[in-house]
Structures are given as structure tokens and as C-alpha cells.
Amino acid sequence: MGVQPSFLRRLETQEVVQPVRSEGGQRRYSRSEISRIEQVASLAGEGFTLPAIRRMLELQSEVTELEHQLTAERARNRKRADPA
């Protein structure tokens, strides 16, 4: 991933990512977490702080959830308007 282990520890401490641990205690990252780490590293490289990055990711997640809800609501409305 091109980041230092200390950076990964900070991401875990700041609850930006939550890797599972192997029996030997090694961090195991999912593909989505790896993608998130790459995104965080890029934003950190642009000068954003970890708390700011965490907030951006939270807002991004909220927007995604709202988009899913909106899509579902639109589908329900279409079914009600056209009960064929």
C-alpha cells in the first residue's frame, strides 16, 4: 500500500479502519479497507488531518446510504403509481 506501519496504527487508533486480527496478531485488511487506506493516504498527502478525513468518510457513507434510500423510495412510488 505504500504506507508506514505507524500510519496504519494511527488509522486503527482513530477508527478510520478496523482490521481483523490473525491468531498471530497481524492486521488483516479487506479489499474495501485497503481502498479506504489508499483514499486516506491520498487525502493526508493533500494536507487533510485524520479527524477531517474521518468526518469526510462518515459524510460520504451517509450520502451513499441516503442515495440507496432515495432509490428504494422512488421504486416504491413507481409501483404505487403504476400497479399493473
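Here is what the cut-offs are and how they apply
Residues numbered from 1 in each chain as written. Predicted model: local features only at pLDDT ≥ 70, side-chain atom pairs only at ≥ 80, totals over all residues. Heavy atoms only, no water. Salt bridge = Lys/Arg side-chain N within 4 Å of Asp/Glu carboxyl O. Core = buried A, V, L, I, M, F, W, Y, C linked by side-chain atoms within 4.5 Å. Buried < 20%, exposed > 50% of the residue type's maximum accessible area, 1.4 Å probe, protein only. Helix = DSSP H or I, 4+ residues; strand = E, 2+ residues; numbered from the N terminus. Contact = heavy atoms within 4.5 Å.

Draft legend 1. The arrangement of the pattern of salt bridges in detail. This model, assessed by the stated rule, comprises six salt bridges. As a salt-bridge pair, Glu-62 and Arg-55 come within 4.0 Å of each other at their nearest N and O atoms. The partner of Glu-73 in a salt bridge is Arg-80, with the nearest N and O atoms 3.9 Å apart. It is possible to trace a salt-bridge network through shared partners that takes in Glu-12, Arg-21 and Arg-27.

Draft legend 2. Broad picture of the nonpolar core. Core analysis: the largest hydrophobic core is formed by 12 residues, namely Phe-7, Leu-8, Leu-11, Val-16, Val-17, Tyr-29, Ile-37, Val-40, Leu-43, Leu-50, Ile-53 and Leu-57. Of all elements in the fold, only helix H1 (5-13), helix H2 (31-45) and helix H3 (50-81) reach the threshold of two or more residues within this core. With residues near it in sequence (within four places) discarded, Leu-57 still touches Val-16, Arg-36, Gln-39 and Val-40.

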